[in-house]
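Listed below are the residues making up each chain.
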Amino acid sequence: MSDKKIILIGLIFILLGIVLGAMGAHYLETIGISEEKINSFSVGNTYLFYNGLGLLVIASLSEKFDFELIAPFRSIVWGTILFSGSIFSLVLLPVIGIDINKFLGPITPIGGVVMIFGWLVLLIKHLATYKT
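Residues numbered from 1 in each chain as written. Predicted model: local features only at pLDDT ≥ 70, side-chain atom pairs only at ≥ 80, totals over all residues. Heavy atoms only, no water.

Asker: What should I look at first to understand the overall build of the protein chain in this one?
Answerer: Helix and strand counts for the protein chain stand at five helices and zero strands. Ordered by position from N to C terminus, the α and β elements of the protein chain give α-α-α-α-α. Overall, the protein chain is about 55 × 25 × 20 Å in size when its C-alpha atoms are taken along their principal axes. Relative to its full complement of 132 residues, the protein chain shows a buried share of 36%. Sequence-distant contacts, at least 24 apart, represent 81% of the contacts inside the protein chain between residues at least 6 apart. (Helix = DSSP H or I, 4+ residues; strand = E, 2+ residues; numbered from the N terminus. Buried < 20%, exposed > 50% of the residue type's maximum accessible area, 1.4 Å probe, protein only. Contact = heavy atoms within 4.5 Å.)

Asker: What's the story with helix α5 (residues 107-128) in this structure? I'm lost.
Answerer: An α-helical turn contains 3.6 residues, so any two residues separated by three or four positions project in the same direction. The end-to-end C-alpha distance of α5 is 31 Å, a good match for the 32 Å that 22 residues give at a rise of 1.5 Å each. Within the span of α5, buried status applies to Ile107, Thr108, Gly111, Gly112, Met115, Gly118, Val121 and Leu122. In this fold, the buried residues of α5 make contact with α2 (35-61), α3 (70-92) and α4 (101-104). (Expected span 1.5 Å × (residues − 1).)

Asker: Looking at this structure, I do not really get the side chain of asparagine 45. What am I missing?
Answerer: Mapped onto the elements of the fold, asparagine 45 is located in helix α2. The class of asparagine 45 is buried, set by a relative accessible area of 11%. Filtering out sequence-adjacent residues up to four positions away, asparagine 45 remains in contact with Leu16, Gly17, Leu20, Gly21 and Phe88.

Asker: Is there a simple way to think about the packing of α2 against α5 in this case?
Answerer: Pairs of packed helices are described in terms of their axes, by the angle between the two and the distance that separates them. In the contact formed by α2 and α5, the axes pass within 13 Å of each other and the chain directions differ by 25 degrees. Taken as axis vectors, α2 and α5 run roughly parallel relative to one another. As for how α2 packs across α5, the hand of that crossing is left-handed. Contact with α2, carried on its side by Tyr47, Asn51, Gly54 and Ile58, involves Met115, Trp119 and Leu122 of α5 and no other residues of that element. Among the residues making up the contact of α2 with α5, the classes are represented as five nonpolar, two polar and no charged. (Axes fitted to C-alpha atoms, helices over the stretch in contact; angles between N-to-C directions. Parallel < 35°, antiparallel > 145°, perpendicular 65-115°, else oblique. Left-handed = near helix turned anticlockwise from the far one by under 90°. Nonpolar A, V, L, I, M, F, W, Y, C, P; charged D, E, K, R; others polar.)

Asker: Looking at this structure, how should I read the packing of aromatic side chains?
Answerer: When we look at a pair of aromatic rings, we describe it by the centre distance and by the angle of the planes. Applying the stated criterion across every chain yields a total of three aromatic pairs. Taken together, a centroid distance of 4.8 Å and an interplanar angle of 50 degrees make the contact between phenylalanine 41 and phenylalanine 88 tilted. Residue phenylalanine 41 is found in helix α2, and its partner phenylalanine 88 is found in helix α3; the two are separated by 47 residues along the sequence. Neither phenylalanine 41 nor phenylalanine 88 differs from the other in exposure class; each is buried. (Phe/Tyr/Trp six-rings, centres within 6.5 Å; stacked < 30°, edge-to-face > 60°.)

Asker: Just to check I follow, could you spell out the packing of helix α1 (residues 3-26) against α3 for this structure?
Answerer: α3 packs onto α1 with a crossing angle of 20 degrees between their chain directions and a minimal axis gap of 12 Å. Viewed along their axes, α1 and α3 adopt a mutual orientation that is roughly parallel. The hand of the α1/α3 crossing is left-handed. In this structure, α1 contributes Lys5, Ile6, Ile9, Phe13, Leu20 and Met23 to the contact, and α3 contributes Phe73, Val77, Thr80, Ile81, Phe88 and Leu92.

The following block contains the structure:
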């Protein structure tokens, strides 16, 4: 896994986090989104942003890892996309008349589990490199 790819995706997540954060703070209320849904949007945005920062940290420390990063990287990326993307969709799609809550609702926790799995695998692999 190239550090450049990890950095690129981390930067994209951060950029999207900033843009979507501004949208959540300044626009969603004006189009009639409830406070509860704005709070959900904010949660998705927070996870997107922090995982972007986490990916940058992983890339900056990649030479310190004695194992392959591809599996945890993919889990973190896809988990973030599923988790945050489904939340953004659940909040925004009904505004344009698309209501697919039955399909997207279960995607959010699946994305969360996949994201947690990626970070957990990274932690376990790192701990396994410690010499006792």
